[in-house]
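# Inside the fold
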Amino acid sequence: MDLPRIFTIRESSHRIHNPLTAGKLAALGASLHLAPGTRALDLASGSGELLCTWARDHGITGTGVDISTVFTARARARAAELGVADRVEFVHGDAAGHVADQPVDLAACVGATWIGDGVAGTTELLGRSLRPGGLMLIGEPFWRRTPPDEETAKACHATSIADFVLLPELIERFQELGYDVVEMMLADQDSWDRYAAAQWLNLRRWLDRNPDDELAPEVRAELTTEPVQYARYGREYLSWGVFALMKR
Ligand SMILES: C[S@@+](CC[C@H](N)C(=O)[O-])C[C@H]1O[C@@H](n2cnc3c(N)ncnc32)[C@H](O)[C@@H]1O
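Quick summary incoming for the structure in this document. Along each chain, numbering runs from 1 in the same order as the chain's sequence is written. Since the coordinates come from a predicted model, pLDDT governs what is reported: local features require at least 70, and pairs of side-chain atoms require 80 or more to be given and counted, while whole-chain, interface and lining totals use all residues. The side-chain quantities take in all heavy atoms of the structure and omit both hydrogens and water.

## Notes on the site of the ligand
Our working rule: Near residues are defined by distance, with any heavy atom within 4 Å of the molecule or strand qualifying the residue. Pairs of N or O atoms are called polar contacts if they sit within 3.5 Å, as long as, within protein, a hydrogen donor faces a hydrogen acceptor (for residues adjacent in sequence, only side-chain-to-side-chain pairs). Exposure was quantified through the Shrake-Rupley algorithm and a 1.4 Å probe, taking into account, for residues, occlusion by the shown protein chains and nothing else. In this classification, Asp, Glu, Lys and Arg are treated as charged, Ala, Val, Leu, Ile, Met, Phe, Trp, Tyr, Cys and Pro as nonpolar, and every other residue, Gly included, as polar.
As a structural note, the neighbourhood of the ligand is formed by 19 residues, with Asn-18, Ala-44, Asp-66, Asp-94 and Ala-95 the closest of them. Interatomic distance of 2.8 Å between a backbone N/O atom of Ala-95 and a nitrogen atom of the ligand. Backbone polar atom of Val-110 to a nitrogen atom of the ligand: 2.9 Å apart, as the coordinates give it. Considering the ligand on its own, with 600 Å² of exposed area, one finds that the protein chains cover 88% of that surface. Among the residues making up the shell around the ligand, the classes are represented as 10 nonpolar, seven polar and two charged.

## Focus on the packing of helix H9 (residues 198-209) against helix H10 (residues 216-237)
Basically, it comes down to this: To define axes, lines are fitted to C-alpha atoms, for helices over the stretch in contact only, and angles between the resulting N-to-C directions are given on a 0 to 180 degree scale. We count a stretch as a helix when DSSP gives it H or I for four or more residues in a row; a strand needs E for two or more, and each element gets its number in order from the N terminus. Convention used here: angles under 35 degrees read as roughly parallel, angles over 145 as roughly antiparallel, angles from 65 to 115 as roughly perpendicular, and any remaining angle as oblique. Here a crossing is taken to be left-handed if its near helix is turned anticlockwise relative to the far helix by less than a right angle, and right-handed if that turn runs clockwise. Whether two residues are in contact is decided by their heavy atoms, any of which lying within 4.5 Å being enough.
Taken N-terminus to C-terminus, the directions of H9 and H10 make an angle of 155°; their axes are 10 Å apart at the nearest point. Judged by the inter-axis angle, H9 sits roughly antiparallel to H10. Between H9 and H10 the crossing geometry is left-handed. Every residue of H10 that contacts H9 at Trp-200, Leu-203, Arg-204, Trp-206 and Leu-207 is listed here: Ala-216, Val-219, Arg-220, Glu-222, Leu-223, Glu-226, Pro-227 and Tyr-230.

## Regarding the nonpolar core
Short version of the rule: Throughout, nonpolar core names a set of buried Ala, Val, Leu, Ile, Met, Phe, Trp, Tyr and Cys residues whose side chains join them through atoms within 4.5 Å. Burial classes follow relative accessibility: with a 1.4 Å probe on protein chains only, a residue under 20% of its type's maximum area counts as buried, one over 50% as exposed, and anything between as partly exposed.
Counting 40 residues, the largest nonpolar core has Leu-32, Trp-54, Val-88, Leu-137 and Trp-143 as the members making the most contacts within it. Here the element with the most residues in this core is helix H3 (residues 49-58); it accounts for five residues. Look past the residues within four positions of Trp-143 in its chain and what remains in contact with it is Ala-153, Cys-156, Ala-158, Ser-160, Ile-161, Phe-164, Val-165, Leu-166, Leu-167, Tyr-237 and Leu-238. With 25 residues, the next largest nonpolar core counts Cys-109, Leu-125, Leu-126 and Phe-243 among its residues.

## Observations concerning the packing of aromatic side chains
Operational definition: Only centres within 6.5 Å qualify two rings of Phe, Tyr or Trp (six-membered ring in Trp) as a pair; their planes then separate them into stacked at under 30 degrees, edge-to-face at over 60, and tilted for everything else. To sit over a ring, a charge needs its Lys NZ or Arg CZ within 6 Å of the ring centre and within 35 degrees of the ring normal.
Enumeration over the complete set of coordinates arrives at five aromatic pairs. With a centroid separation of 5.3 Å and 45° between ring planes, the pair formed by Phe-174 and Phe-243 is classed as tilted. Remark: Phe-243 occurs in strand E7 (residues 238-247) and Phe-174 occurs in helix H7 (residues 167-176); sequence separation between them is 69 residues. For the pair formed by Phe-174 and Phe-243, the shared burial category is buried. Considering the side-chain rings of Trp-200 and Tyr-230, the 6.0 Å spacing of their centres and the 70° angle between planes classify their relative orientation as edge-to-face. In this pair, Trp-200 sits in helix H9 while Tyr-230 sits in helix H10, placing the two residues 30 residues apart along the sequence. A connected cluster of aromatic rings, assembled from ring pairs, spans Phe-142, Phe-174 and Phe-243. Taking NZ or CZ as reference, Arg-10 lies 5.2 Å from the ring centre of Phe-7, over its face. Against the face of Tyr-237 rests Arg-145, its NZ or CZ located 4.6 Å from the ring centre.

## Some points on helix H2 (residues 22-31)
Rules: Our arc is simply the arc of the directions from the helix axis toward the C-beta atoms.
All of the buried residues along H2 are Lys-24, Leu-25, Leu-28 and Gly-29. For H2, the angular spread of the buried residues around the axis is 140°, confining them to a single face. Residues Ala-22 and Gly-23 are exposed on H2 and point more than 90 degrees away from its buried face. For H2, the elements touching its buried residues are H3, strand E6 (179-186), helix H8 (189-196) and E7.

Here it is, written out as structure tokens:
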């Protein structure tokens, strides 16, 4: 059970595996007015930057669960680096179906709603770990502009236009699920670049070091096509945000 290697090659230099910058992640943490000792659960926690920096900055505690051994090891190293290893722990595992032993104050899934088969299932999954009145964080893409055709949607790595909605409709969707949307932090095109364009140098450096690896042809093809495709499609049509929700 592990994340396919191509992901860890692409995002080898990333601490944040989503289109928020460190500044936006920090601003989101500050906007939530988290009390010291807040207990958090982060499903698909990646390299742990949310839990580690919020533990450092706001004194929260928590657990992250991620399927990637590489990212989980990095999250543990980051916790040690920031001096918060006694407050946050990172578990390697499948987060689908993961429910905390004790109810938490903050339950998050930032950029991996497939673990609950979509937004509705993920709110339901996180809700099973959350104490009444707790905060839920969901990171999810939305269309910045509706793609004109299915080809454009696929070029944004969606399977279809129907995969995502525009921002107002995404907010309505959360409300229809019975939640108040109480905060949000959105990516912008510059912060998308820090996520997407930052992958190209990782790909190129890996290729230079591993020309004979079985993944080299795939990485070569991606490095050739992705910058143009991203500039033409993903950067124009797709956006992303983290939404803070409270059950009504
Ligand atoms: C887009 S990244 C987001 C990571 C992190 N939340 C962040 O924002 O930096 C998606 C993450 O989901 C993890 N993942 C994918 N499927 C998973 C699963 N079934 N259970 C746990 N983690 C999973 C990947 O390893 C990766 O770290």
